[in-house]
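Take a look at the letters that make up each chain.
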Amino acid sequence: MNAYVERVLAETKAKNANEPEFLQTVEEVFKSVEPLLDAHPEYEDACILERMVEPERVVEFRVTWMDDQLKHHVNRGYRVQYNASLGPYKGGLRFDPSVNLSIIKFLGFEQTFKDALTCLPIGGAKGGSDFDPKGKSDGEIMRFCQSFMTELQRHIGQDIDCPAGDIGVGGREVGYLYGQYRRIKGAAEFGALSGKALTTGGSILRPEATGYGAVYYLEEVLKHDGEDIKGKKIAISGYGNVGWGIMKKAAELGAAVTYFAGPDGYIYDPEGVVTEEKLNYILEMRAKDPMHCKPYADKFGATFVPGTKCWGVKDVDIYMPAATQNDVNLEWAKKIAESGVRYYIEVANMPTTNEALEFLKSQKHIIVAPSKAVNACGVSVSELEMAQNAERLYWTAEEVDAQMHKIMKNIYNASVEAAERYGLGYDLVAGANIAGFQKVADAMLAQGIF
Ligand code: 2IT
């Protein structure tokens with residue numbers, strides 16, 4: 001291992017021993033940029049790695065809110081403003097009981113390099129709360145969002161930090177957050193939040209963007225292999241906003257998601273989630289109860305397999321984990337390798353443990369694509385939303401979609417080129433890490449030591 005990486009990893013582990021997710025992503029990224037560090041000793045001179053493991057700012061705050069029975073509750077809120085050397089901090093908010101500082105730091109770190117890959121002027125950030133939105137009434141969600149924003153508003157702004165959604169935060173939550181921001185600031189500052197409704201400065205195609213972009217990236221990978229997406233079958237995990245976008249775009253291009261997994265088990269629908277009725281039902285089912293996908297099988301006569309994941313099924317061409325972090329561990333990775341499926345396209349942020357990722361990359365018959373490239377279209381359309389807000393205009397779907405295609409192609413090409421430049425062959429994972437890292441590191445150098 002490169003001595004500089006080794007030293008900074010050891011220091012980071014010692015300092016952040018109780019942050020496993022953060023350490024996981026730091027190790028994954030730093031190990032894969034070793035060839036870049038070997039070629040650029042100036043990064044070590046300027047303490048680039050030491051600076052990259054320290055977010056520019058961590059904000060942690062109390063969120064008190066009242067439930068429908070007028071009982072008080074206290075949650076913890078976070079905003080990690082990771083790195084703004086490329087533009088205002090940008091990244092989502094996650095509301096989920098699993099949220100803690102390690103998870104928000106890992107997401108902020110990943111977001112920094114993802115946002116760099118988009119080649120748009122945005123820095124990296126992430127935030128959220130351990131608040132559990134499941135089973136809460138609309139009024140409870142609204143009061144929580146208002147209380148959360150009452151504190152967060154002092155740290156964000158269109159030129160400072162623009163949060164958006166992530167797990168547990170969708171259009172409804174962004175609407176409540178923006179409303180509170182606007183009331184406190186006394187100004188219609190649309191660019192302070194993205195993922196807003198179309199009537200409130202939102203961008204067309206933002207809800208679809210992450211899933212569509214993942215499929216656009218997949219098309220580039222298939223093209224490289226002389227393959228076409230038409231007729232391909234896909235297994236995914238997760239059927240939230242991102243999974244739904246994948247289903248919809250795949251159907252439009254003549255492919256089909258035939259397996260999807262949720263918290264209660266997985267669905268096998270041999271015909272695929274391809275009709276408008278099925279696609280709409282996914283949204284309805286999720287809004288009603290995000291913990292169970294079984295109702296889909298009951299409604300459409302599909303197969304439901306309880307209590308397990310669909311990794312390892314053989315009758316698909318592509319796997320796309322689109323649920324949450326560490327969905328695929330070494331055990332699942334071995335099943336994936338045995339299945340003979342060629343394409344493993346990460347979509348959720350860090351869906352693969354480091355040992356599983358290394359194992360999958362070592363399998364010659366599998367092409368692995370990394371989430372920070374594959375899922376970057378979501379934040380890209382968020383940035384296009386900021387651009388529309390800044391010029392006080394709305395773009396058409398055609399304009400936004402053309403940009404989405406361009407951005408995803410650029411990300412794919414930049415990753416391929418970066419890997420080739422360092423003699424790594426067709427390594428999309430290392431290529432994306434190197435291309436994103438180099439952009440951030442060079443901007444940091446150019447702005448001097450701080
Ligand atoms: O992980 C992500 O890129 C997001 N949750 C979207 C971030 C954004 O600012 O749209």
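Residues numbered from 1 in each chain as written. Predicted model: local features only at pLDDT ≥ 70, side-chain atom pairs only at ≥ 80, totals over all residues. Heavy atoms only, no water.

1. As for the overall build of the protein chain
Next up, step 1: In terms of regular secondary structure, the protein chain is built from 18 helices and 12 strands.
Next up, step 2: Taking 450 residues into account, the globule formula puts the C-alpha radius of gyration at 22 Å, and the protein chain, at 21 Å, falls close to it.
Next up, step 3: In terms of its C-alpha atoms, the protein chain occupies a principal-axis envelope of roughly 60 × 55 × 45 Å.
Next up, step 4: Across the 450 residues of the protein chain, 59% fall into the buried class.
Next up, step 5: The long-range share in the protein chain, meaning contacts at least 24 apart out of those at least 6 apart in sequence, stands at 72%.
Next up, step 6: Surface summary for the protein chain: the accessible area is close to 17,600 Å², and the carbon and sulfur share equals 51%. (Helix = DSSP H or I, 4+ residues; strand = E, 2+ residues; numbered from the N terminus. Rg over C-alpha atoms; globule rule 2.2 N^0.38 Å. Buried < 20%, exposed > 50% of the residue type's maximum accessible area, 1.4 Å probe, protein only. Contact = heavy atoms within 4.5 Å. Areas by Shrake-Rupley, 256 points an atom, 1.4 Å probe, with all protein chains shown as cover.)

2. Notes on the environment of Val416
Next up, step 1: Mapped onto the fold, Val416 is located in helix H17 (residues 397–421).
Next up, step 2: Residues Val416 and Gly254 lie 162 residues apart in sequence; the distance between their C-alpha atoms is 26 Å.
Next up, step 3: Val416 has contacts with Tyr426 and Leu428, leaving out every residue within four places of it along the chain.

3. Brief notes about the site of the ligand
Next up, step 1: Residues in close proximity to the ligand total 14 residues, the closest being Lys90, Lys114, Asp166, Arg206 and Ser382.
Next up, step 2: At a separation of 3.1 Å, an oxygen atom of the ligand approaches a polar side-chain atom of Asn349.
Next up, step 3: For the ligand, whose unbound accessible area comes to 290 Å², protein coverage reaches 94%.
Next up, step 4: Of the residues that constitute the shell around the ligand, the class distribution is 2 nonpolar, 7 polar and 5 charged. (Near = heavy atom within 4 Å. Polar contact = N/O pair within 3.5 Å; in protein donor to acceptor, adjacent residues only side chain to side chain. Nonpolar A, V, L, I, M, F, W, Y, C, P; charged D, E, K, R; others polar.)

4. Some remarks on the side chain of Asn433
Next up, step 1: Among the structural elements, Asn433 can be located in helix H18 (residues 428–446).
Next up, step 2: Classification of Asn433 by relative accessible area gives buried; the value is 1%.
Next up, step 3: Engagement of the side chain of Asn433 in a polar contact is seen with the side chain of Lys372, the distance being 2.6 Å.
Next up, step 4: When sequence neighbours within four positions are dropped, the list of residues in contact with Asn433 reads Glu28, Val29, Ser32, Val33 and Lys372.

5. Description of the state of the cysteines
Cysteine pairs can be covalently joined through their sulfur atoms, and such a bond is termed a disulfide.
Next up, step 1: For the structure on display, the rule yields 0 disulfides.
Next up, step 2: Cys310 carries a free sulfur, and the closest cysteine sulfur to it, the one in Cys293, is 9.3 Å from it.
Next up, step 3: For Cys377, which is in no disulfide, the shortest distance to another cysteine sulfur is to Cys119 and amounts to 13 Å.
Next up, step 4: Overall, Cys377 belongs to the buried group, its relative accessible area being 0%. (Disulfide = S-S within 2.5 Å.)

6. Here we look at the pattern of salt bridges
Next up, step 1: All told, the structure shown has 30 salt bridges when counted by the stated rule.
Next up, step 2: Glu50 is the partner of Arg7 in a salt bridge, and the nearest nitrogen-oxygen pair spans 3.3 Å. Residue Arg7 is located in helix H1 (residues 3–15), and its partner Glu50 is located in helix H5 (residues 48–52); the two are separated by 43 residues in the primary sequence.
Next up, step 3: When salt bridges with common partners are traced through the structure, they connect Arg7, Glu11, Glu44 and Glu50 into a single cluster. (Salt bridge = Lys/Arg side-chain N within 4 Å of Asp/Glu carboxyl O.)

7. Some remarks on the packing of aromatic side chains
Next up, step 1: Tallied over the full model, the rule gives 24 aromatic pairs.
Next up, step 2: Centre to centre, the rings of Trp65 and Phe131 are 5.2 Å apart; their planes meet at 90°, and the pair counts as edge-to-face. Here Phe131 lies in the loop between strand E4 (123–129) and helix H7 (138–152) and Trp65 lies in strand E1 (residues 57–66), a separation of 66 residues in the sequence.
Next up, step 3: On the numbers, 5.6 Å between centres and 50° between planes, the contact of Tyr178 with Phe190 is tilted. With Tyr178 in helix H8 (residues 171–185) and Phe190 in the loop between H8 and helix H9 (206–224), the pair connects residues that are 12 residues apart, well separated along the chain.
Next up, step 4: Looking at Tyr178, the relative accessible area reads 4%, which means it is buried.
Next up, step 5: Members of the aromatic cluster, joined through ring pairs, are Phe22, Phe30, Tyr43, Tyr82, Phe109, Phe113 and Phe437.
Next up, step 6: Above the plane of the ring of Phe22 lies Lys105, whose end atom (NZ or CZ) is 4.3 Å from the centre. (Phe/Tyr/Trp six-rings, centres within 6.5 Å; stacked < 30°, edge-to-face > 60°. Lys NZ or Arg CZ within 6 Å of the ring centre and 35° of its normal.)

8. Observations concerning H7
Along an α-helix, residues three or four positions apart point the same way, because every turn accommodates 3.6 residues.
Next up, step 1: Taking 1.5 Å of rise per residue, the 15 residues of H7 would be expected to cover 21 Å, and the 21 Å separating its terminal C-alpha atoms lies within 8% of that figure.
Next up, step 2: Residues Glu140, Ile141, Phe144, Cys145, Gln146, Ser147, Phe148, Met149 and Leu152 constitute the buried set of H7.
Next up, step 3: Looking at the buried side of H7, the elements it contacts are E1, strand E2 (72–83), strand E3 (89–95), E4, strand E5 (161–165) and H8. (Expected span 1.5 Å × (residues − 1).)

9. Let's talk about the pairing of strand E10 (residues 318–321)
In the case of a regular strand, side chains alternate between the two sheet surfaces.
Next up, step 1: Of the two faces of E10, both are covered, the one formed by Ile318 and Met320 as well as the one formed by Tyr319 and Pro321.
Next up, step 2: Across 4 bridges, the pairing between strand E6 (residues 233–237) and E10 is parallel. Note that in E10 the partner of Ala235 across the bridge is Tyr319.
Next up, step 3: By the bridge criterion, 2 bridges tie E10 to strand E11 (residues 343–345) in an arrangement that is parallel. Bridge pairing in E11 places Tyr319 opposite Tyr344.
Next up, step 4: Regarding the hand of the β-α-β motif, the stretch spanning E10, helix H13 (residues 330–339) and E11 is right-handed. (Pairing = 2+ DSSP bridges. Right-handed = clockwise from strand over helix to strand, strands pointing away.)

10. Focus: the sheet that holds E2
Paired through their backbone hydrogen bonds, the strands of a sheet run either parallel or antiparallel.
Next up, step 1: If you trace the 5 strands from one edge of the open sheet to the other, you get E1-E2-E4-E3-E5, paired in mixed fashion. Each edge of the open sheet carries a strand with a single partner, namely E1 and E5. The sheet shows a mean angle of 20° between the axes of neighbouring strands, direction not considered.
Next up, step 2: Across 5 bridges, E3 lies against E5 in parallel orientation. The residue of E5 that forms the bridge with Leu93 is Gly165.
Next up, step 3: On top of the sheet, helix H6 (residues 101–117) reaches E1, E2, E3 and E4; it is set at about 150° to E4, its chief contact. (Axes fitted to C-alpha atoms, helices over the stretch in contact; angles between N-to-C directions.)

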